[in-house]
Amino acid sequence: QVQLVESGGGLVQAGDSLRLSCAASGRTFSSYVMAWFRQAPGKEREFVAGISRGGGSTYYRDSVEGRFTISRDNAKNTVYLQMNSLKFEDTAVYYCAADPRIVVAVTPMEYKYWGQGTQVTVSS
């Protein structure tokens, strides 16, 4: 069982930066692939970024490649999402997800554990 708690969301202007954090409970954090998803009003939840269990492999959706960076600190049971050059279209609730799988997946149904979400609002 893993419990995930996101933090770091807020209201920013276009071009600003934010760093999201997701703290996980339990002693097997390094056994979980971690990912960030987001969901805007009226839209489906979409993959943003994912990171392998050891942190050596990362994956991004095309629209955030080069602007967002996912990282993890297995000693602190925490995964991060550094978001730079934020755009209005990045506005959404951002969710942290975890799954004891081998490789990063890009569909929400592949993840067993979810956080409660944190709101990111980018004003244009």
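Predicted, not measured: the structure shown is a model, and the values here were computed from it.

**Observations regarding the nonpolar core**
Judged by nonpolar contacts, the single largest core of 29 residues is most densely connected at Leu4, Met34, Trp36, Val79, Leu81, Met83 and Tyr94. Counting residues per element, the ones that place at least two in this core are strand 3 (18–24), strand 4 (33–39), strand 5 (46–51), strand 7 (68–73), strand 8 (78–83), strand 9 (92–99) and strand 11 (118–123). In this structure Met83 touches Asp16, Ser17, Leu18, Leu20, Arg67, Phe68, Tyr94 and Val120, once residues within four positions along its chain are discounted. Phe37, Phe47, Ala105 and Tyr111 belong to the second-largest nonpolar core, a separate cluster that totals 8 residues.

**Some remarks on unusual backbone geometry**
Phi is positive for Asn77, which is not a glycine, with a value near 55°. With respect to the helices and strands, the residue Asn77 is situated in the loop between strand 7 and strand 8. Phi is positive for Ser85, close to 50°, though the residue is something other than glycine. With respect to the element layout, Ser85 can be found in the loop between strand 8 and strand 9. Judged by its relative accessible area of 42%, Ser85 falls in the partly exposed class.

**What about the environment of Thr28?**
Mapped onto the elements, Thr28 comes out in the loop between strand 3 and strand 4. Thr28 sits 93 residues away from Thr121 along the chain, and the two C-alpha atoms are 32 Å apart.

**Some remarks on the pairing of strand 9**
Consecutive residues of a regular strand have side chains that alternate between opposite faces of the sheet. Counted residue by residue, strand 9 has 7 buried out of 8 residues, so it is predominantly covered. As judged from the 7 bridges shared by strand 4 and strand 9, these two strands associate in the antiparallel manner. Residue pairing across strands places Arg38 opposite Tyr94, the latter belonging to strand 9. Both strand 9 and strand 11 contribute to a ladder of 3 bridges, which runs antiparallel.

Rules used in this analysis
- Residues numbered from 1 in each chain as written.
- Predicted model: local features only at pLDDT ≥ 70, side-chain atom pairs only at ≥ 80, totals over all residues.
- Heavy atoms only, no water.
- Core = buried A, V, L, I, M, F, W, Y, C linked by side-chain atoms within 4.5 Å.
- Buried < 20%, exposed > 50% of the residue type's maximum accessible area, 1.4 Å probe, protein only.
- Helix = DSSP H or I, 4+ residues; strand = E, 2+ residues; numbered from the N terminus.
- Contact = heavy atoms within 4.5 Å.
- Pairing = 2+ DSSP bridges.

By themselves, these are just geometric observations and shouldn't be taken as functional.
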